[in-house]
Amino acid sequence: MKWWEVLFQAKEFCCLCDHPHRNVSWAGVWERICPSCCLRLSPISGPCCPLCGRQMGRVQLCGDCRQHPEGILQCNVAVLRYTFYPKQLIRLLKYRGRERLAVPLAEMMAERFYETGIRVNGVTYVPLHPEKWKERGFNQSERLAHQVAQQLHRPLVSTLDKIFPTPPQSQSSRRERIAALQGSFQVKNAYRIKLTDSWLVVDDVYTTGTTLLECARMLKEAGAKQVFSLTFAR
Ligand SMILES: [Zn+2]
Ligand SMILES: [Zn+2]
């Protein structure tokens, strides 16, 4: 190792896959990712659905958003298309205890959100039901939100509780999922009818949008002016 590498704490590994990849400690997140990981990530670019951020051939509402009520969630911002590798990364973070993945993932998210020019007053996250939390030991959305809030220099506030568990998504239709989610989130007592300003809700992935939409609905009912969401993938 060269003297300047010692001095500037050269990092030896890719921040996603831990394979050898030389970079310096102050390098931005994309420079800390090795070329082979970069090849497996598809950043969302070009025309997107204006509400959920899904990459589309042209700017138009996607099929999911056409079925959503308007004016609840301002819009979702996502970093990557939900392809095989982002799916794998989220799985590692969520179920395999690779909690430190939250740092680079959230850095990509904060960077992407900052670029949109949208500014919020506070950051919050999709809560886990206490039973799920006990099972998993942590909430991946909270970990991501914690890092995002730091990067955006905004306060992280735990505003919501999950009061009913959600049935597995694969086993229910869209209508059933919406029905099951209704009333399953609650704004914490301390914040009821006290929320103002604009909020950012963080989650790992935007699939159909029903979860984030329900969170946004609760925050708006409690007084939030605008609610945006930010996810790693869409
Ligand atoms: Zn890598
Ligand atoms: Zn959409």
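One can find the structure itself at the top, above this paragraph.
Remember, it's a predicted structure, so these values are computed and weren't measured experimentally.

Participant: I'd like to hear about the pairing of strand E4 (residues 122-125), residue by residue, with values.
Facilitator: For a regular strand, side-chain orientation follows a simple rule: the groups alternate between the two sheet faces. Of the two faces of E4, the one lined by Gly 122 and Thr 124 and the one lined by Val 123 and Tyr 125 are each fully buried. The pairing of E4 with strand E7 (residues 198-205) spans four bridges and is classified as parallel. Within the sheet, the bridge partner assigned to Val 123 lies in E7 and is Leu 200.

Participant: Give me the coordination of the zinc ion (ligand 1): which residues, what numbers.
Facilitator: The coordination sphere of the zinc ion (ligand 1) contains the protein donors Cys 14 (SG), Cys 17 (SG), Cys 34 (SG) and Cys 37 (SG), at a distance range of 2.3 Å. Its four donor atoms give the zinc ion (ligand 1) angles of 105 to 115° at the centre, a pattern that matches the tetrahedral case. Each donor residue of the zinc ion (ligand 1) lies on one chain, and together they are spaced C-x2-C-x16-C-x2-C. For Cys 34, a relative accessible area of 5% gives the class buried.

Participant: Give me the lowdown on the sheet that holds strand E3 (residues 76-80), citing residues and values where you can.
Facilitator: What the four strands build is an open sheet, ordered E3-E8-E7-E4; its pairing is parallel. The open sheet has two edge strands, E3 and E4, and neither has a second partner. In this sheet, adjacent strand axes meet at a mean angle of 25° when their direction is disregarded. Each of E4, E7 and strand E8 (226-233) touches helix H7 (residues 140-152); the most contacted strand, E7, lies at about 130° to it.

Participant: Please give an account of the nonpolar core that cites residues and values.
Facilitator: Residues Leu 16, Phe 113 and Leu 200 are the most contacted members of the largest nonpolar core, which totals 41 residues. Listed by contribution, the elements that provide at least two residues to this core are E3, helix H4 (84-95), helix H5 (102-116), E4, H7, E7 and E8. In terms of residue count, H5 provides more of this core than any other element does, seven residues in total. Those residues in contact with Leu 200 that lie beyond four places of it in its chain are Phe 113, Val 120, Gly 122, Val 123, Thr 124, Val 148, Leu 152, Phe 228, Ser 229 and Leu 230.

Conventions used here
- Residues numbered from 1 in each chain as written.
- Chains lettered and ligands numbered in written order.
- Predicted model: local features only at pLDDT ≥ 70, side-chain atom pairs only at ≥ 80, totals over all residues.
- Heavy atoms only, no water.
- Buried < 20%, exposed > 50% of the residue type's maximum accessible area, 1.4 Å probe, protein only.
- Helix = DSSP H or I, 4+ residues; strand = E, 2+ residues; numbered from the N terminus.
- Pairing = 2+ DSSP bridges.
- Donors = N, O, S within 2.8 Å, 3.2 Å for Na, K, Ca; no water.
- Tetrahedral: all angles 85-135°; square planar, octahedral: opposite > 155°, others 65-115°.
- Axes fitted to C-alpha atoms, helices over the stretch in contact; angles between N-to-C directions.
- Contact = heavy atoms within 4.5 Å.
- Core = buried A, V, L, I, M, F, W, Y, C linked by side-chain atoms within 4.5 Å.

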